[in-house]
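Next come the chains, spelled out residue by residue.
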Amino acid sequence: DDNRSRFVQVNGIELHYMDWGGEGPALLFIPGLGNSAHIFDDIAPLFTNDHRVIALTRRGHGQSDKPSAGYDTATLVSDILAFLDRRESESVTMIGHSLAGDELTRFAGEFPGRVDGLVYLDAAFDRADLMDVVQAAPYEPSVPGPEDLVSVDTYRDWLIANQYGFWSPALETELQLQAAGHVTPPAVTAALMEGSAQANIDYTLIQAPALAIYDIVGLDDIMPAGADSTLAA
């Protein structure tokens, strides 16, 4: 819904976010690698009866600016802090998917007074050895062929058959954003993965209540041979 989309200037760049409204303590959703705040379109509005619900699209993703630098975890956390300050949000419960776990953990460790709770969605992993794992056993995911990229419709069919196994309004919005050119550049993805490997995440610094939820069905099918499943996502 376009009337929920907002933009804010932080740290010299413009970031996109979604604001679904609601009353009560704030929930901040942060998407995983390659996704925008719209990936939560299906689930986030369900919490507006008891919470003010927002989601932030990190730099390099979706409709947010895509600068050449700033993809280390410290800078991403600085973006979140500046975003919350601009919104005058004193504290939030942070809900993050996949790569966002690094941001949740570092933010909670550095700014414990700003965090009411943490929810990790396939997100609480130690990726310190990630680059070594990737180099030792490169993962070669299936990629769409020319016939799958003829149109948005054929690409959607390929995604359903090869990646998701289902479809939803949130995924449709993400697809339409990609079709409009809002794609995370490969250089940004590489920088984010390198930043994650060097994040030095310390879970012992977390003072807020934390919940981690994982879906491990089929994990062996997507992990490279010899990889440690704790490095996934």
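Keep in mind that what you see is a predicted model, and the values were worked out from it rather than measured.

Chemist: Can you explain the overall build of the protein? Please cite residues and give values.
Modeler: From N to C terminus, the protein includes seven helices and seven strands. Listed N to C, the secondary structure of the protein is β-β-β-β-α-β-α-β-α-α-α-α-β-α in terms of helices and strands. Residue burial in the protein is summarised as follows: out of 233 residues, 45% are buried. Of the roughly 11700 Å² of accessible surface on the protein, 53% is carried by carbon and sulfur atoms.

Chemist: Requested: an account of the packing of helix 1 (residues 73-86) against helix 2 (residues 100-110), with residues and values cited.
Modeler: Contact pair helix 1 / helix 2: the axes reach a minimum separation of 9 Å and the direction vectors enclose 70°. Between helix 1 and helix 2, the angle falls in the class roughly perpendicular. Considering the relative orientation of helix 1 and helix 2, their crossing is right-handed. For the pair formed by helix 1 and helix 2, the contact residues are T73, A74, L76, V77, I80, L81 and L84 on the first element and D102, E103, R106, F107 and E110 on the second.

Chemist: How would you sum up the nonpolar core? Please name residues and give values.
Modeler: L28, I80, F83, M94, F107 and L118 are the most contacted members of the largest nonpolar core, which totals 28 residues. Elements represented by at least two residues in this core include exactly strand 1 (5-10), strand 2 (13-21), strand 3 (26-30), strand 4 (52-56), helix 1, strand 5 (92-97), helix 2 and strand 6 (115-121). At six residues, helix 1 tops the list of elements feeding residues into this core. Not counting the four nearest positions on each side in its chain, M94 is found in contact with L28, I30, I80, L104, F107, V115, G117, L118 and V119. Grouped together as the second largest cluster of nonpolar side chains are 11 residues, M18, L27, A44 and A55 included.

Chemist: Outline the sheet that holds strand 4, listing residues and values.
Modeler: Backbone hydrogen bonds hold the strands of a sheet together, and the pairing may be parallel or antiparallel. Strand order across the open sheet formed by seven strands is 1-2-4-3-5-6-7, with mixed pairing between neighbours. Every interior strand has two partners, whereas the edge strands, strand 1 and strand 7 (210-213), have only one. Geometrically, the sheet is characterised by an average inter-axis angle of 20° between neighbouring strands, direction not taken into account. Packing of helix 1 onto the sheet brings it into contact with strand 1, strand 2, strand 3, strand 4 and strand 5, and relative to strand 1 it is tilted by some 110°. Across the sheet, helix 2 lies against strand 3, strand 5 and strand 6, angled at about 160° from strand 6, the strand it touches most.

Chemist: Can you break down empty space enclosed by the protein residue by residue, with the values?
Modeler: On inspection of all chains with the given rule, the structure shows two cavities of 30 Å³ or more. Estimates place the volume of the largest cavity at around 60 Å³. Along its surface, the largest cavity is lined by L15, I30, L56, R58, R59, L76, D79, I80 and E103. Among the elements that make up the lining of the largest cavity, the one with the highest residue count is helix 1 (three residues). Counted by class, the lining of the largest cavity contains five nonpolar, no polar and four charged residues.

Chemist: Provide a residue-level description of the environment of M94, including the pertinent values.
Modeler: Within the secondary structure, M94 sits in strand 5. Taking the C-alpha atoms as reference points, M94 and F107, 13 residues apart in sequence, are found 9.5 Å from one another.

Chemist: Hey, could you go over the pattern of salt bridges for me, with residue numbers and the actual values?
Modeler: In this structure the tally under the stated criterion is eight salt bridges. The partner of D19 in a salt bridge is R52, with the nearest N and O atoms 2.6 Å apart. You can see D19 sitting in strand 2 and its partner R52 sitting in strand 4, a full 33 residues away along the chain. We classify D19 as buried; its relative accessible area is 6%. With a closest N to O distance of 2.8 Å, E172 and R156 form a salt bridge. Of this pair, E172 sits in helix 5 (residues 169-179) while R156 sits in helix 4 (residues 152-164), and the two are 16 residues apart along the sequence. On the basis of relative accessibility, which here comes to 22%, the residue E172 falls in the partly exposed class. Using a relative accessible area of 16% as the deciding quantity, one classes R156 as buried. Members of the salt-bridge network, linked through shared partners, are D19, R52 and R87.

Chemist: Give a detailed account of helix 2, specifying residues and quantitative values.
Modeler: With eight of its 11 residues buried, helix 2 lies for the most part within the structure. Among the residues making up helix 2, those that are buried are A100, G101, D102, E103, L104, T105, F107 and A108.

Parameters and conventions
- Residues numbered from 1 in each chain as written.
- Predicted model: local features only at pLDDT ≥ 70, side-chain atom pairs only at ≥ 80, totals over all residues.
- Heavy atoms only, no water.
- Helix = DSSP H or I, 4+ residues; strand = E, 2+ residues; numbered from the N terminus.
- Buried < 20%, exposed > 50% of the residue type's maximum accessible area, 1.4 Å probe, protein only.
- Areas by Shrake-Rupley, 256 points an atom, 1.4 Å probe, with all protein chains shown as cover.
- Axes fitted to C-alpha atoms, helices over the stretch in contact; angles between N-to-C directions.
- Parallel < 35°, antiparallel > 145°, perpendicular 65-115°, else oblique.
- Left-handed = near helix turned anticlockwise from the far one by under 90°.
- Contact = heavy atoms within 4.5 Å.
- Core = buried A, V, L, I, M, F, W, Y, C linked by side-chain atoms within 4.5 Å.
- Pairing = 2+ DSSP bridges.
- 1 Å grid on protein atoms, 1.4 Å probe; cavity = no way out; pocket = protein on both sides within 12 Å on 5 of 7 lines; lining within 4 Å.
- Points joined across faces, edges and corners; volume = space filled by probe spheres on them.
- Nonpolar A, V, L, I, M, F, W, Y, C, P; charged D, E, K, R; others polar.
- Salt bridge = Lys/Arg side-chain N within 4 Å of Asp/Glu carboxyl O.

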